[in-house]
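# Understanding the architecture of this molecule
Residues per chain are reported as follows:
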Amino acid sequence: MTPPGNERKSRLLGAGEIDVSFEFFPPKTEKMEASLWDAVKRLAPLAPEFVSVTYGAGGSTRERTHATVTRILKETALRPAAHLTCVDATREEVDAVARAYRDAGVRHIVALRGDPAGGVGQRYTPTPGGYANAAELVAGLKRIANFEISVAGYPEKHPESTSLASDIENLKAKVDAGADRIITQFGFDNTHYLRFLERARAAGIWVPITPGVVPIHNFRQVAGFAVRAGASVPAWLARRFEGLDDDAATTHLVAAAVATEQVMDLVDEGIKSFHFYTLNRADLVYAICHLLGLRPLKVAPLEERRAVG
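Conventions and cut-offs
Going along each chain's sequence as written, the residues are numbered from 1 onward. Reporting of local features is limited, given that this is a predicted model, to residues whose pLDDT is at least 70; pairs of side-chain atoms are given and counted only at 80 or more, and all residues count toward the totals for whole chains, interfaces and linings. Each side-chain value is derived from all of the structure's non-hydrogen atoms; neither hydrogens nor water enter the calculation. A run of H or I in DSSP counts as a helix once it spans at least four residues, and a run of E counts as a strand once it spans at least two, with each numbered from the N terminus. Each residue gets one of three labels from its accessible area relative to the maximum for its type: buried under 20%, exposed over 50%, partly exposed in between, using a 1.4 Å probe on protein chains only. What sets the accessible areas is the Shrake-Rupley method with a 1.4 Å probe; for residues, cover comes only from the shown protein chains. A pair of strands is treated as paired once DSSP finds two or more bridges between them. Here a polar contact is recorded for every N or O atom pair within 3.5 Å, except that within protein the pair must consist of a potential hydrogen donor and a potential acceptor, and residues adjacent in sequence are included only if both atoms are side-chain atoms. Only heavy atoms enter the contact rule, under which two residues are in contact if any of them lie within 4.5 Å. Cavities and pockets are defined on a 1 Å grid built over the protein atoms alone: a cavity is a set of grid points where a 1.4 Å probe fits but cannot escape, while a pocket is an open set with protein on both sides within 12 Å along at least five of seven lines, and lining residues are those with an atom within 4 Å of any such point. Grid points are joined across faces, edges and corners, and a volume is the space filled by probe spheres set on the points. Here, nonpolar core refers to any group of buried Ala, Val, Leu, Ile, Met, Phe, Trp, Tyr and Cys residues whose side-chain atoms link them within 4.5 Å. Lines fitted to C-alpha atoms define the axes here, with helix axes fitted over just the stretch in contact, and angles between the N-to-C directions of these axes take values from 0 to 180 degrees.

## A look at the overall build of the protein
Per the secondary structure count, the protein includes 11 helices and 9 strands. Per-residue burial for the protein yields a buried fraction of 49% across its 309 residues. Roughly 15100 Å² of accessible area belongs to the protein as shown, and the carbon and sulfur atoms make up 51% of that amount.

## Remarks on the pairing of strand 9 (residues 273-277)
Summarising burial for strand 9: 5 of the 5 residues are buried, a large majority. Residues Ser273, His275 and Tyr277 line one face of strand 9 and the alternating positions Phe274 and Phe276 line the opposite face, and both faces are buried. Sheet topology note: the strand 1 (residues 19-24)/strand 9 ladder contains 5 bridges and is parallel. Its bridge partner lying in strand 9, Phe22 is registered against Phe276. Here 2 bridges tie strand 8 (residues 212-213) to strand 9, and the two strands are oriented parallel to one another. The residue bridging Val213 from the neighbouring strand is Phe276, located in strand 9.

## Some remarks on the side chain of Arg113
Position of Arg113 among the secondary structure elements: in the loop between strand 4 (108-112) and helix 4 (134-144). Within the local environment of Arg113, its side chain forms a polar contact with the side chain of Glu160, the two groups lying 2.9 Å apart. The contact partners of Arg113, leaving out residues within four places of it in the chain, are Thr85, Cys86, Val87, Tyr124, Ala132, Asn133, Ala134, His158 and Glu160.

## Some words on empty space enclosed by the protein
With the rule as written, the count across this model stands at 2 cavities of 30 Å³ or more. If you add up the space inside the largest cavity, you get close to 130 Å³. Around the largest cavity, the lining is made up of 20 residues, and of these Pro155, Thr184, Gln185, Phe186 and Gly187 lie nearest the centre. Of all elements in the fold, only helix 6 (190-202) and helix 9 (248-268) reach the threshold of two or more residues within the lining of the largest cavity. With 3 residues, helix 6 is the largest single contributor of residues to the lining of the largest cavity. In this model, the second largest cavity occupies a volume close to 40 Å³.

## Topic: the nonpolar core
Within the largest apolar cluster, 68 residues are counted, with the highest numbers of intra-cluster contacts made by Phe22, Leu141, Phe274, Phe276 and Leu292. Core analysis: the next-biggest nonpolar cluster, separate from the first, contains 22 residues, Ile216, Ala223, Leu244 and Val258 among them.

## A look at the sheet that holds strand 8
Read from one edge to the other, the open sheet built from 9 strands follows the order 7-6-5-4-3-2-1-9-8, with strand pairing classed as parallel. The sheet is open, and its two borders are formed by strand 7 (209-210) and strand 8, each paired with just one other strand. With 3 bridges joining them, strand 4 and strand 5 (residues 148-153) adopt parallel strand pairing. For Ile109, the partnering residue across the bridge sits in strand 5 and is Ile149. Helix-sheet contacts for helix 4 involve strand 3 (80-85), strand 4 and strand 5, and the interaxial angle to strand 4 is about 155°.

Geometric descriptors of this kind do not, in isolation, establish any biological role.
Have a look at this one:
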């Protein structure tokens, strides 16, 4: 029981206290495209700080990513951030994509080294004539335009890093190259994020470090993502979803409870910014944002843009 006068911060949230951002991935089919835009329309009235759109290795989704980002830019008042990687592309090719984004009006890039073309677990080999890593990519992007740049952080270290210390060194190199924000890989144990935050600050990394959160719409699928990304799946989390493989409704209720518990604990630790990996599904994210004090704008972003412009 919380003593009188010591109410949890997370229970006192008001409008405007929490910032959120959302990640989407470009659709592969007409059905997936409809789901994506349903999610965008559902979440847009919450006025996120920005929304990001993922990018596949070797340009496998390059055109779809560009089309999605430019449509968000043209049809909504949202601020889109385009993912960009170093994989299977020369510097000239990557720079050309960045210039195309600049010319389209995109001002925010999520700069990533990217996974090996053969998939996670394969040895990464820099493309001849390409950017060798994310730090080089960040520096290259800053030479093209004054982009706002977000980079990735790994609270439990990147799967390919030899140690937590070397991982922090790599992170600092990205920030020193010009990164403005760190977005962490999603995780389920807040202890990892809080320790990561301490290590980064001790290393002189002072840019915002936003925790990534993924609501678990399908436990087996998300647990698989986690293992490949180097994020641990606690035994207690598996128990919460035990026996729910064929019960989507209860899975979603449990997922909302788990994610809400996670973000509220972080709010109590003083965290006020969250990045949601939506997996192009809006309802769980919307519910969690509501509990964080966010409320939809009375005027939808697109209508607001038309009224102003």
